[in-house]
Amino acid sequence: MSQDQQQLFDTEPQPWQLDDMDDWVAARVAFSEAPYGPYDYEIPSPLESEIQAGVRVEVPLGRGNRHLKGYCVAVINAGHPDAASVNPRKLKPVRRVLDRKPIIGWRLLELAKWISEYYLCPLGTVIETIVPPGVRDNAGTREILFLALAEGVMERLLRDELKISPKQRLVMMQLAQGGDWTPRELAETVGCTQAPISTLRRKGLILASTRRIQTRTHEIPTEDRTANLELNADQQFVLNEIVAMVESNTHQSFLMHGITGSGKTEVYIRAIQKVVEFGRQAIVLVPEISLTPQTRQRFRARFDRVAVLHSHLTAAQRAWHWQQISEGNVQVVIGARSAVFAPTPHLGLIVLDEEHDGSFKQDKAPRYHARDVARWRAEKESVPLVLGSATPSLESWARAEQGTDRLLSLPNRVLDLPLPDVATIDLRIDFGGRKRTGPISQKLRQEIRAAINDGGQVILLLNRRGFSTRIQCPACGHVEHCPDCSIPMTHHLDGNKAICHYCDHQIPEPNRCSDCGSPAIKFWGVGTQKLEREVQAAFPDVPITRMDTDTMKKPGSHEKALTAFREGKTRILLGTQMIAKGLDFPNVTLVGVINADSALHFPDFRATERTFGLVTQVAGRSGRGERGGRVLVQTFSPDAPAIVAATRHDYIGFAKGELPNRKEYHYPPFGFMARIVIRGESSTKADQMSEHIADALTAAAKTLELPVDVLGPAPAPVEKLRGKFRFHIQLLSPQAGALQAVVTHAKSTIKSHDDVQWIVDIDPQDML
Ligand code: ADP
Ligand code: ZN
Ligand code: ZN
C-alpha cells in the first residue's frame, strides 16, 4: 500500500493530526441512482467500529429524510486529505451499516474512483458495475442459525450444577463434542424435538448465531494435463521479457504483436505459470466470443484452478466465482471485459488477448475500455500487462512506437508454417462480366470445390446477417426502413419477417411498397442466410454450418457448431465476424471473404482499421496445419490501402499508411476524443438541446483556457434510433484530462431538459 492509500483507508485518526476540537468522523456515501452524491454523513459513535470504506449503509436523504442505501466510499476524519471538504457540523447521521465486511475491497474501490473520474460516471454506478449483482444480493447463500454452548456451561454441567432434563443433557453433550449444528440437525441427531433446545436457549445455556453459507457449491472443472510445448526462439525471447517483469514485481505494458498462429497463447500460458509459481493470480481478458471451449480447455489443461467468467453464468454462479477468486482459490481468471474487475488478492499479471477487439469497450455507463482499466490496475498493482494481437489497435501501436509500451514481436507462425497466400477477386469485373454467379464468384466457387475435394475445410465470412439486406421498390426507389430507426430493414427468411438490426423491430415480410404501393417490391443484397442457401445449392453434398447471432442464440450452440466443425462433421463454416477470431482449425485450407468492403465506407474514422483487422484476422484462420492454405477476398475496392495491406498480412505497412490520416485530424491516437450523444423524441428539441450543450462546452473550454475543439452538433450517422432523434458532438483535445475538465465544468451550466437525454462517451469506439 502506498502512503496515500494508507491514509485513505485508515479509519484510525493519526494521533499527531488530531486535537480535541477535531474529533469527528464522517462517511462519504455514493448512490447508484440520482442524486448520485457522494454526500457526507456523520458516523454515530456506536457505528464507528462497524463502518469502513466499501460497506453499504442506509442513510437519510433529502428534506423528507427518506431512507436510501448507498456505498460508503471513504471514512474521513480531521487528518484525512479531504477533511477540508467536509463540514462536520452540518451532517446527518448514518442510520445503519448493512455489511459486516466491505463488499468491495480498497484496491477495487480506488479503481472505481478512477473510472468514475475518467469516464465521468457516478461512483455508485461504477461500483455496481464492478461488484456483480449476485455478490451484492448474496446470491447462492443463505443465513443459517448455528448453535453453540455458552461459555463455562460445560464445567457447570460436569460439576452437576445445572438442573436440566435428560434430553437437555444429551443436547448439551452433543454440542460439547464440537461441530456446526443447526437446531434441526441437532434435534435429529439427538433424537428429540425442538423443545429442549428452545428451553436451553431461553436459559442462556446455548447460544445461537447466524452465519452466511453457500447453499450450493460449484465445481471448477479440470481437464487432463498436457505438457508444455517446446517454445521456438521468438516465443522464448518474448516470454523472458515478460517473466523478468513478473519476477521483479514491476509494471510494464507490453504490446505483443504476433501474427495469426504465431503462438501467442502459448506464451501467455507460460508467463502465467511463473505467476502461479509465485503464488499469485493472473487475469486473462478475451473477447466474449473467444470464450470457446477450446480456450477453456487450453488453460484447464495447464492449470488446476481456472475460473471462466462468461455471460451465461447465473447470479449465484458468478457470486460463487467471485468468492473463490477473492479467497485466492483461483489461479487464472479468464473472462470477457468485466473480468478486469476480478477481486484477485495477489494479482501477478493481466493479459488482454485480441486487444484490438471492440467488445472491450462497454457501451453503457460506465463506458469504460477494459484495456485502459487493465492498464491502470496493472500500474497500481505493479504487475505487467500484456496486450496481444495480430492487428493491434493503432492506439496501442502508437504507444509502442513512442516507447511507453514495450513492443514484443512474434513475426512467424509456429513450426515455420507459412502464412496463407491471399488473392483478391475484383467484384467490379465479376459484376461487369456475363457470368454473374450470386454472392460467390466463379473463382471462389472453384476453389471451394478444390479444397473440399482435397479433404480440407472452408471458412466463409460475410459480415451481414439475415437473408436480404435491403428491401427496395424498383418502381419508386423507396427503401423500407424501420419505423423507429433510420435503418433499412433486413429480410429474414425464418418466419418471413423484416427485422431492424438495431432495435429488433419486426414486421411481416412486405409484399408491396409502403410508399407507392407497387407490388413489384424486391429484396436485394446478401446476408448470411442467403449465402448459406446459395452455398448449399452449389455444394449439395457438403455439410455446412452457419454461425451468426440468429443461429447462436441458445447457450451452448456456439460450442456445438465449433465441435462439429473441428471433428470434420461439417466442412464449410460460414458466418459473421464471430468466425473470424481466434479459431484454430488446422484443417482449414481455404478462407473466403464474401465482401471485404461491407464496413469500409462507414462514417467512422476507424472504418479502415476495422476492415483491415477483420480481413487479416479471418485470413489468419487459413493454413494453420501442414496442408497449407489460401485466402480469397472478394472486394469492390481491391486498391483500398486497408485491403491491399490485409492481402499482404502487412500490419506495419497498414499502420504506417493510416497513422498520418489520424494525425492530420488529431484523431486518436494523436489526441483525445469524447463524444456527446443527444437524443429525444422531438427532433427540434433534441437539436436545440445539442446547440445549448455545444455552446456550454465551447464556453467551458474558453473559461478554463483548455485546448478543446468542439465539433458539431450534427445529426448522428444513425439519425433515429428506437424512436428517438439523435445528434452528436465530438470533442477533441491534445491534452490528457482536458475533455473531462471541460465536460464537468459545462455540466454545471447545462439546463437539463425533461424530454431530451444526453450521454458522454470518453474515448468512443462507436461513432454511429
Ligand atoms: P495465436 O494465439 O498467436 O494465434 P496459438 O497460441 O493459438 O497462436 O498457437 C497456434 C497453434 O500452434 C496452436 O495449436 C498451438 O498449440 C500451437 N503452438 C504454439 N506454440 C507452439 C510451439 N512452440 N510448438 C508447436 N506448436 C505450437
Ligand atoms: Zn429499429
Ligand atoms: Zn414504391
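Above this text you will find the structure in question.
Residues numbered from 1 in each chain as written. Chains lettered and ligands numbered in written order. Predicted model: local features only at pLDDT ≥ 70, side-chain atom pairs only at ≥ 80, totals over all residues. Heavy atoms only, no water.

Engineer: Can you walk me through the overall build of the protein chain in this structure?
Structural biologist: A count of helical and extended segments in the protein chain gives 23 helices and 29 strands. Against the globule reference of 27 Å for 768 residues, the protein chain gives a C-alpha radius of gyration of 31 Å, in line with a compact fold. The dimensions of the protein chain, computed from C-alpha atoms along their principal axes, are 105 × 65 × 60 Å. Each of the 768 residues in the protein chain was classed as buried or not, and the buried ones make up 52%. Pairs at least 24 residues apart make up 75% of the contacts formed inside the protein chain by residues separated by at least 6 positions. Carbon and sulfur atoms make up 49% of the accessible area of the protein chain, which amounts to about 35,400 Å² in all. In the protein chain, the 93 positive side-chain charges and the 90 negative ones have mean positions that sit 5 Å from each other. (Helix = DSSP H or I, 4+ residues; strand = E, 2+ residues; numbered from the N terminus. Rg over C-alpha atoms; globule rule 2.2 N^0.38 Å. Buried < 20%, exposed > 50% of the residue type's maximum accessible area, 1.4 Å probe, protein only. Contact = heavy atoms within 4.5 Å. Areas by Shrake-Rupley, 256 points an atom, 1.4 Å probe, with all protein chains shown as cover. Lys, Arg positive; Asp, Glu negative; His and termini not counted. Charge placed at Lys NZ, Arg CZ, Asp CG, Glu CD.)

Engineer: Any chance you could explain the coordination of the zinc ion (ligand 3) here in plain terms?
Structural biologist: For a metal bound by four donors in tetrahedral geometry, the ideal donor-metal-donor angle is 109.5 degrees, whereas six donors in octahedral geometry ideally sit at 90 or 180 degrees. Looking at the zinc ion (ligand 3), one finds its protein donor set to be Cys473 (SG), Cys476 (SG), Cys513 (SG) and Cys516 (SG), positioned 2.3 to 2.4 Å from the metal centre. Taken together, the 4 donor atoms surrounding the zinc ion (ligand 3) define angles of 105 to 112° at the centre, an arrangement classified as tetrahedral. Taken in chain order, the donor set of the zinc ion (ligand 3) reads C-x2-C-x36-C-x2-C. With a gap of 37 residues between them, Cys476 in the loop between strand 17 (470-472) and strand 18 (490-492) and Cys513 in the loop between strand 20 (506-508) and strand 21 (522-524) connect regions that are remote in the sequence. Take Cys476: its relative accessible area is 37%, and that puts it in the partly exposed class. (Donors = N, O, S within 2.8 Å, 3.2 Å for Na, K, Ca; no water. Tetrahedral: all angles 85-135°; square planar, octahedral: opposite > 155°, others 65-115°.)

Engineer: What is the right way to look at the environment of Asp454 in this model?
Structural biologist: Along the chain, Asp454 turns up in the loop between helix 16 (442-453) and strand 16 (457-461). Note on Asp454: relative accessible area 59%, which makes it exposed. The spacing of Asp454 and Thr589 is 135 residues in sequence and 9.2 Å in space, taken between C-alpha atoms.

Engineer: Just to check I follow, could you spell out the site of ligand 1 for this structure?
Structural biologist: Ligand 1 sits among 17 residues. The nearest are Glu230, Gln235, Lys264, Arg298 and Asp584. In the complex, 80% of the free accessible area of ligand 1, which totals 560 Å², lies under the protein chains. In terms of residue count, helix 10 (residues 264-277) provides more of the shell around ligand 1 than any other element does, 3 residues in total. Taken together, the residues that form the shell around ligand 1 break down as 5 nonpolar, 6 polar and 6 charged. (Near = heavy atom within 4 Å. Nonpolar A, V, L, I, M, F, W, Y, C, P; charged D, E, K, R; others polar.)

Engineer: Sorry if this is basic, but what is going on with the packing of aromatic side chains here?
Structural biologist: For any two aromatic rings, the description comes down to two numbers: the centre-to-centre distance and the angle of the planes. Evaluated as defined, the whole model comprises 12 aromatic pairs. Plain terms: the ring middles of Phe612 and Phe654 are 4.4 Å apart, the flat faces sit at 0° to each other, and that makes the pair stacked. Taken together, the positions of Phe612 in helix 19 (residues 607-619) and Phe654 in helix 21 (residues 651-664) put the pair 42 residues apart, joining distant regions of the chain. The exposure class assigned to Phe612 is buried, which follows from its relative accessible area of 1%. On the basis of relative accessibility, which here comes to 5%, the residue Phe654 falls in the buried class. (Phe/Tyr/Trp six-rings, centres within 6.5 Å; stacked < 30°, edge-to-face > 60°.)

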